[in-house]
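Per-entry structural report
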Amino acid sequence: MYTMNKEKKWYDYLWIFSLSYLILGFFNIFFAWLGLLCFFIPLIIAIAKGNKGYCNKYCGRGQLFSLIGGRFGLSRKKDIPEWMKSGWFRYGFLIFFFIMFFQMLWNTYLVFAGTKDLNMTVTLLWTFRLPWHWAYHGTLFSDGTAQFAFGFYSVMLTSTVLGFVTMILFKPRSWCVYCPMGTMTQLICKAEHAGSRR
């Protein structure tokens, strides 16, 4: 029996943006600044619309995991463990993530202030420092702009690696269960819904 395929929308191809981001950051670290779109847009949508529209429709990273783990079959497609769905793990990971994020911002501030030299490395999984000097080609601005780029790319690369690991071990979009941005937008939506009931 013939069935029509679901018509693709423009936002179904946002996985290309996520993949391009990782590739471009390998060659020029300043492309890392584009990652701020993935930071602010989910928050804006959650605040403005009171839903997780970004996670459900526009998240290119989730689409990338679905494509690689689902269509290309690189996922075991097992259910994610219950403890990874629990509130204590998701909120704990969110807190840990933000501690690391603010530490990155502090290091950026020190470079802006001139009390610390530019560190041309990418820190993977908050532990492993990888040389990334080839991606830095100088800047007309303060070295702090480059330091932020190195730090933010580290955050994005680390979260992508974690997503790939959970994609392989469990279902393709298992990362979405404990993604810090997803947890944060969920908290915003809950707060807005609670406020609307008053």
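Residues numbered from 1 in each chain as written. Predicted model: local features only at pLDDT ≥ 70, side-chain atom pairs only at ≥ 80, totals over all residues. Heavy atoms only, no water.

Another point: the overall build of the protein. The number of helices and strands found in the protein is nine helices and two strands. Counted from the first residue to the last, the protein has its helices and strands arranged as α-α-α-α-α-α-β-β-α-α-α. For a compact globule of 198 residues, the expected C-alpha radius of gyration is about 16 Å, and the protein comes in at 18 Å, within 12% of that figure. Each of the three principal axes of the protein carries a C-alpha extent, and together these read 65 × 50 × 30 Å. By the burial criterion, 43% of the 198 residues in the protein qualify as buried. Within the protein, contacts between residues at least 6 apart in sequence are counted, and of these 78% link residues at least 24 apart. If the 20 positive side-chain charges of the protein are averaged to one point and the 7 negative ones to another, these points end up 8 Å apart. (Helix = DSSP H or I, 4+ residues; strand = E, 2+ residues; numbered from the N terminus. Rg over C-alpha atoms; globule rule 2.2 N^0.38 Å. Buried < 20%, exposed > 50% of the residue type's maximum accessible area, 1.4 Å probe, protein only. Contact = heavy atoms within 4.5 Å. Lys, Arg positive; Asp, Glu negative; His and termini not counted. Charge placed at Lys NZ, Arg CZ, Asp CG, Glu CD.)

Attention shifts here to the side chain of Q63. Checked against the element boundaries, Q63 lands in helix α4 (residues 60-71). In this structure the side chain of Q63 is engaged in a polar contact, spanning 2.5 Å, whose partner is the backbone oxygen of Y11. Aside from chain neighbours lying at most four places away, what touches Q63 is Y11, D12, Y13, L14, W15, K57, Y58 and R173. (Polar contact = N/O pair within 3.5 Å; in protein donor to acceptor, adjacent residues only side chain to side chain.)

To continue, consider the pairing of strand β2 (residues 128-131). Relative to β2, strand β1 (residues 121-124) is paired through four bridges, and the arrangement is antiparallel. Bridge pairing links V122 to L130 in β2. Count of turn residues in the β1/β2 antiparallel hairpin: three residues, of which L125 carries a positive phi of about 55°. (Pairing = 2+ DSSP bridges.)

With respect to the helices, strands and loops of the structure, T108 is situated in helix α6 (residues 87-113). Judged by its relative accessible area of 5%, T108 is buried. Counting along the chain gives 73 residues from T108 to M181, while the straight-line C-alpha distance between them is 22 Å. Every residue in contact with T108, bar those within four places of it in the chain, is listed here: G144, Q147 and F148.

Together, F17, L24, F31, L34, L37 and I41 line one region of the surface with nonpolar side chains, adding up to about 450 Å² of accessible area. Mapped by element, the contributors of at least two residues to the nonpolar patch are α1 (15-27) and α2 (36-49). Checked against the element boundaries, L24 lands in helix α1. (Patch = residues over 30% accessible without salt bridge, like charges linked within 9 Å, V, L, I, M, F, W, Y side chains within 5 Å. Areas by Shrake-Rupley, 256 points an atom, 1.4 Å probe, with all protein chains shown as cover. Salt bridge = Lys/Arg side-chain N within 4 Å of Asp/Glu carboxyl O.)

For the structure on display, the rule yields zero disulfides. With no disulfide partner, C38 has as its closest neighbouring cysteine sulfur the one in C59, 7.2 Å distant. No disulfide involves C179; its sulfur sits 6.2 Å from the nearest other cysteine sulfur, which is in C55. (Disulfide = S-S within 2.5 Å.)

What follows is about the nonpolar core. Core analysis: the biggest nonpolar cluster contains 45 residues, and I29, W132, F152, Y153 and Y178 have the highest contact counts within it. Elements supplying a minimum of two residues to this core: α1, α2, α4, α6, β1, α7 (143-169), α8 (175-178) and α9 (180-197). For this core, the element with the highest residue contribution is α7, accounting for 11 residues. Here Y153 is in contact with Y21, L22, G25, F26, I29, A32, V122 and W132, once residues within four sequence places are set aside. (Core = buried A, V, L, I, M, F, W, Y, C linked by side-chain atoms within 4.5 Å.)

For the structure shown, the criterion picks out one cavity of 30 Å³ or more. Lining the largest cavity we find 28 residues, and of these C38, R61, M156, C179 and M181 sit closest to its centre. No other element matches the five residues that α7 contributes to the lining of the largest cavity. Residue composition of the lining of the largest cavity, by class: 19 nonpolar, seven polar and two charged. (1 Å grid on protein atoms, 1.4 Å probe; cavity = no way out; pocket = protein on both sides within 12 Å on 5 of 7 lines; lining within 4 Å. Points joined across faces, edges and corners; volume = space filled by probe spheres on them. Nonpolar A, V, L, I, M, F, W, Y, C, P; charged D, E, K, R; others polar.)

Quick look at the pattern of salt bridges now. Counted by the stated rule, this structure contains two salt bridges. Taking the shortest distance from any N to any O, the salt bridge between K171 and D79 comes out at 2.8 Å. Taken together, the residues K171 in the loop between α7 and α8 and D79 in the loop between α4 and α5 (82-85) connect sequence positions 92 residues apart. With a shortest N-O distance of 3.5 Å, K85 and E82 are connected by a salt bridge. Of this pair, K85 and E82 both sit in helix α5, three residues apart, roughly one helical turn.

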